[in-house]
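# Overview (structure and organization)
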Amino acid sequence: MTSLALLTLEVADPTAAEAFYTASGLAAHVRLRAATDEPSEGFRGFAVSLTVAQPADVRALVGAAADAGATVLKPATKSFWGYGGVVRAPDGTVWKFASSAKKDTGPATGRVERVVLLLGAGDVAATKEFYVGRGLVVARSFGRKYVEFAGSGSGVTLALYGRRALAKDVGVPADGSGSHRIALGGDGAASFTDPDGFVWEPAAVTTAR
């Protein structure tokens, strides 16, 4: 079964990005490398979502990211589904922190239960079929609105969301063009590009860079 193993962000200033991710506590969830000269404008079409145990963990993540230089797009607050907050890192990556719990049972734990890469797809159904053809297994599917693929148990969960719906969810305009500035490291042997322009690389190649 093909699955997503790791995420590599392409950043304009690797030194500054490393400082941010180390200070914010998010460094364990991504790798960094220097960006190419390909331009990137507006919403880059994805968000990295961290699922945590309770509201205190959401507040801690939003606070640490903001203190390290992130822009708060959505303050940590209660919602219909639970509790969440959204920030944009200085390199432009959108991070979403969420918990299904609405009340704390204790102090922040510092643990991340799941890392989910949300890709904004132009056509969720078509992109779903593309990935199924590449060996990914669907774990959950809600028509053309949301698709989640099964993972290997040790990597990153991949999910598809309509691009405009994802932009609305994280609080940014949906318009954007150019490079996504992210590479997806998979456990397969081949590189490929999905229908929305996201590039997959063998995890071993991504790790070596």
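Just above sits the structure.
### Describing the overall build of the protein
From N to C terminus, the protein includes 5 helices and 15 strands. Relative to the 2.2 N^0.38 estimate, which gives 17 Å for 209 residues, the radius of gyration of the protein is 16 Å and therefore close to what a compact globule would have. Expressed along its principal axes, the backbone C-alpha trace of the protein runs to roughly 45 × 40 × 30 Å. Across the 209 residues that make up the protein, the buried fraction comes to 44%. Summarising the internal contacts of the protein: among those between residues at least 6 apart in sequence, 63% fall at separations of at least 24. Of the roughly 9,900 Å² that the protein leaves accessible, carbon and sulfur atoms contribute 53%.

### So, the pattern of salt bridges
Two side chains carrying opposite charge are able to pair once their charged atoms lie near each other. Tallying each qualifying case throughout the model produces 8 salt bridges. We note a salt bridge from aspartate 123 to arginine 144, for which the minimum N-O separation is 2.9 Å. A residue pair is termed long-range when its members are at least 10 positions apart, and aspartate 123 in the loop between strand E8 (112–121) and helix H3 (124–133) and arginine 144 in the loop between strand E9 (138–142) and strand E10 (146–149) qualify at 21 residues. Classification of aspartate 123 by relative accessible area gives partly exposed; the value is 32%. Arginine 144 gets classed as exposed once you look at its relative accessible area, which sits at 58%. Its salt-bridge partner being arginine 140, residue glutamate 148 comes within 3.1 Å of it at the nearest N-O pair. Overall, glutamate 148 belongs to the buried group, its relative accessible area being 7%.

### Quick look at the pairing of strand E4 (residues 46–52)
Most of E4 sits out of view: 6 of its 7 residues are buried. For E4 and E8, the ladder comprises 7 bridges, and the chain directions are antiparallel. Residue valine 48 lies in a different strand from E8, and its bridge partner there is leucine 117. Sheet analysis places E4 next to strand E7 (residues 94–99), joined by 4 bridges and oriented parallel. Within E7, the residue paired with valine 48 across the bridge is tryptophan 95.

### Notes on the sheet that holds strand E14 (residues 192–193)
Within a sheet, adjacent strands bond to each other through the backbone by hydrogen bonds, running parallel or antiparallel. The strand order across the open sheet formed by 5 strands is E2-E1-E13-E15-E14, and the pairing between neighbours is mixed. Of all strands in the sheet, those with a lone pairing partner are strand E2 (31–34) and E14, marking the two edges. Here E14 runs beside strand E15 (residues 199–202); their pairing, made up of 2 bridges, is antiparallel. Its bridge partner being in E15, threonine 193 is matched across the sheet by valine 199. The sheet strands contacting helix H1 (residues 14–24) are strand E1 (4–11) and E2, and the helix crosses E2 at an angle near 165 degrees.

### Here we look at the side chain of arginine 44
Looking at the element boundaries, arginine 44 is found in the loop between strand E3 (40–42) and E4. Accessibility expressed as a relative area gives 10% for arginine 44, which makes it buried. A polar contact of 2.9 Å, which involves the side chain of arginine 44, links it to the backbone oxygen of aspartate 91.

### Side note on the sheet that holds strand E5 (residues 71–78)
Pairing within the open sheet is mixed, and its 8 strands lie in the order E5-E6-E7-E4-E8-E11-E10-E9. With one partner strand each, in any of the chains shown, E5 and E9 form the two edges of the open sheet. Here the average twist between neighbouring strands, direction ignored, is 15 degrees. Note that E9 and E10 share 4 bridges and pair antiparallel. Looking across to E10, one finds that phenylalanine 142 is bridged to tyrosine 146. Sitting on the sheet, helix H2 (residues 55–67) touches E4, E5, strand E6 (83–88) and E7, and the angle it makes with E6 is about 15 degrees.

The rules behind the values
Per chain, residue numbering runs from 1 following the sequence as it is written. Where local features are concerned, this predicted model is filtered to residues with pLDDT of at least 70; where side-chain atom pairs are given and counted, the filter is 80 or more; whole-chain, interface and lining totals use all residues. Excluding hydrogens and water, the side-chain values take into account all heavy atoms of the structure. Numbered from the N terminus, helices here are DSSP runs of H or I no shorter than four residues, and strands are runs of E no shorter than two. The globule rule is 2.2 Å times the number of residues to the power 0.38, and the radius of gyration it is compared with is taken over C-alpha atoms. For every residue, the accessible area obtained with a 1.4 Å probe (protein chains only) is divided by the maximum for its type, and the residue is called buried under 20%, exposed over 50%, and partly exposed between those limits. In this analysis, two residues are considered to be in contact whenever any of their non-hydrogen atoms come within 4.5 Å of each other. Calculation of accessible area relied on Shrake-Rupley with a 1.4 Å probe; when residues are assessed, cover is drawn exclusively from the protein chains displayed. Salt bridges are counted wherever a side-chain nitrogen of Lys or Arg sits within 4 Å of a carboxyl oxygen of Asp or Glu. Strands were regarded as paired on the criterion that DSSP finds at least two bridges between them. Every axis in this analysis is a line fitted to C-alpha atoms, fitted for helices over the stretch in contact. Angles between the N-to-C directions lie between 0 and 180 degrees. Each polar contact in these results corresponds to two N or O atoms within 3.5 Å; when the atoms are within protein, one needs to be able to donate a hydrogen and the other to accept it, and residues that are neighboring in sequence are counted only if both atoms are side-chain atoms.

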